[in-house]
Every structure is written in C-alpha cells, then in structure tokens.
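# Observations on the three-dimensional arrangement
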Amino acid sequence: IVEAVERACRDSHGAALREMMATLCSTFIDAKIRHVEESRALYAAGSEVDGDVLARAASQRAQQAIALMLHSASDRTIEHPEVAAMVVATAITGPVHALLESGAPAALVLLLRTQLTELCVGYGERIGKKRSVAASRRSNAADAQRADGRRAGQGRAPKLLISDTTDQPSRR
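As a starting point, this report considers the structure included with it. Small disclaimer: the values here were computed from a predicted structure and weren't measured. (Residues numbered from 1 in each chain as written. Predicted model: local features only at pLDDT ≥ 70, side-chain atom pairs only at ≥ 80, totals over all residues. Heavy atoms only, no water.)

## With respect to the nonpolar core
Where a protein is soluble and globular, its nonpolar side chains tend to be buried together. The biggest cluster of nonpolar side chains holds 33 residues, and the ones touching the most others in it are Met21, Leu24, Ile66 and Leu70. Among the elements of the structure, helix H1 (2-11), helix H2 (17-34), helix H4 (51-71), helix H5 (81-101) and helix H6 (106-127) are those that each provide at least two residues to this core. No other element matches H2, which puts eight residues into this core. Not counting the four nearest positions on each side in its chain, Leu24 is found in contact with Val5, Cys9, Ile66, Met69, Val88 and Ile92. (Core = buried A, V, L, I, M, F, W, Y, C linked by side-chain atoms within 4.5 Å. Buried < 20%, exposed > 50% of the residue type's maximum accessible area, 1.4 Å probe, protein only. Helix = DSSP H or I, 4+ residues; strand = E, 2+ residues; numbered from the N terminus. Contact = heavy atoms within 4.5 Å.)

Shown next, in the form of structure tokens:
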C-alpha cells in the first residue's frame, strides 16, 4: 500500500494540486480495497506491542512521499509540506478505514474518492500560495535538480513530523 502511495506521489511530481490529490486519494483507496486483508491486518497490528512501530514506519514513508509531491506542485507553493503531508495523510486514513469496516460498497467508494479529493484540494488551496507561471517553471526546474541530487545521495528532503522509530526502545 505504501509503495503504491510512493509511486503515485513520484508520478505526480510537478502536477497541479488537484491532479496530485485526485491521484493520491484514488491510489490510496484502490490500494486499500485491493489489499483488504493486508489493510485489516495493519489496523489490527496497530494495537499490538510492536504494531505501532510498523504503522509509524509506513506512515513516515507515506508522509515523506506526500511532502515531496506537495513541494513540487506546479500551481501552489506549500510552505510547510511536511505538516501538510501529515494533515493529508491522517485526513484520508480515517475515512478509508471506516470504508473498509463498512464492507466497501461501490457507491460509497466512489463518493468517498470524490469527497476526500475535494477535502484535500480545498485544504491545499487554503494553505498554499498560488504560483505564477514563471515561478512554477523556476520551481519545477529547481525541484528536478534537487531530485537528481537526492538520487545521488545529496540534498535534503522535507523534515518529517513522525520521527524514525528504529532508535526508540520497545515497549515490551
């Protein structure tokens, strides 16, 4: 599921906010539905001793991908993409969990896909500053250079709000 989110976010780099959010919401819902048993197991694992570590690691990866995607939006400047990524990720997770618990009827899937997209787009439009066409071109060129640097092991990605859990003691 996280790999699908990461791929969708990568594929949406440089797109307009609405396109990004539609892709993200559809991908997340589709992945959860396609892997219902895995999704339910992850929700159940969250209540176990080390389940929260797994859930946080998955959330961290998804939020990192969303933050990088938002940072590259062609039509908006999101000043704190790591915060926006946390808000977007948590905003879509709860309703999709409820969708799975309801048996994921087709009509509800379609409605939720549309409403979550609108929720995320509205949030992004509210917190983001509109970019001019020239600023979008400059930003996309700079983003491409930064992405090349990250692939080469250089550069910095947006800081995450959920810390890496590998150095935290176990609760056993």
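## Concerning H5
In this model H5 runs 30 Å from its N-terminal to its C-terminal C-alpha over 21 residues, within 8% of the 30 Å that 1.5 Å per residue would give. Among the residues of H5, Pro81, Glu82, Ala84, Ala85, Val88, Ala89, Ile92, Val96, Leu99 and Leu100 are the ones counted as buried. Considered in projection along H5, the buried side chains sweep an arc of 140° and stay on one side of the axis. With respect to the buried face of H5, the exposed residues turned more than 90 degrees away are Thr90 and Glu101. Of the residues flanking the end of H5, it is Gly103, one or two places downstream, whose phi is positive at about 90°. (Expected span 1.5 Å × (residues − 1). Arc of directions from axis to C-beta.)

## Regarding the packing of H2 against H6
Two elements in contact, H2 and H6, have axes whose closest approach is 9 Å; the angle formed by their N-to-C orientations is 140°. As H2 runs across H6, the sense of the crossing is right-handed. Contact residues: Leu17, Arg18, Met21, Ala22, Cys25, Ser26, Ile29, Asp30 and Ile33 in H2; Val109, Leu112, Arg113, Leu116, Thr117, Glu118, Cys120, Val121, Gly124 and Glu125 in H6. (Axes fitted to C-alpha atoms, helices over the stretch in contact; angles between N-to-C directions. Left-handed = near helix turned anticlockwise from the far one by under 90°.)

## So, the pattern of salt bridges
Summed over all chains, the structure comprises four salt bridges. A salt bridge links Glu118 to Arg18; its shortest N-O distance comes to 2.7 Å. Here Arg18 lies in helix H2 and Glu118 lies in helix H6, a separation of 100 residues in the sequence. Using a relative accessible area of 39% as the deciding quantity, one classes Arg18 as partly exposed. Residue Lys129 is joined to Glu79 by a salt bridge in which the shortest nitrogen-to-oxygen separation is 2.2 Å. Remark: Glu79 occurs in the loop between strand S1 (76-77) and H5 and Lys129 occurs in strand S2 (residues 129-130); sequence separation between them is 50 residues. Judged by its relative accessible area of 47%, Lys129 is partly exposed. Overall, the relative accessible area of 51% leaves Glu79 in the exposed class. (Salt bridge = Lys/Arg side-chain N within 4 Å of Asp/Glu carboxyl O.)

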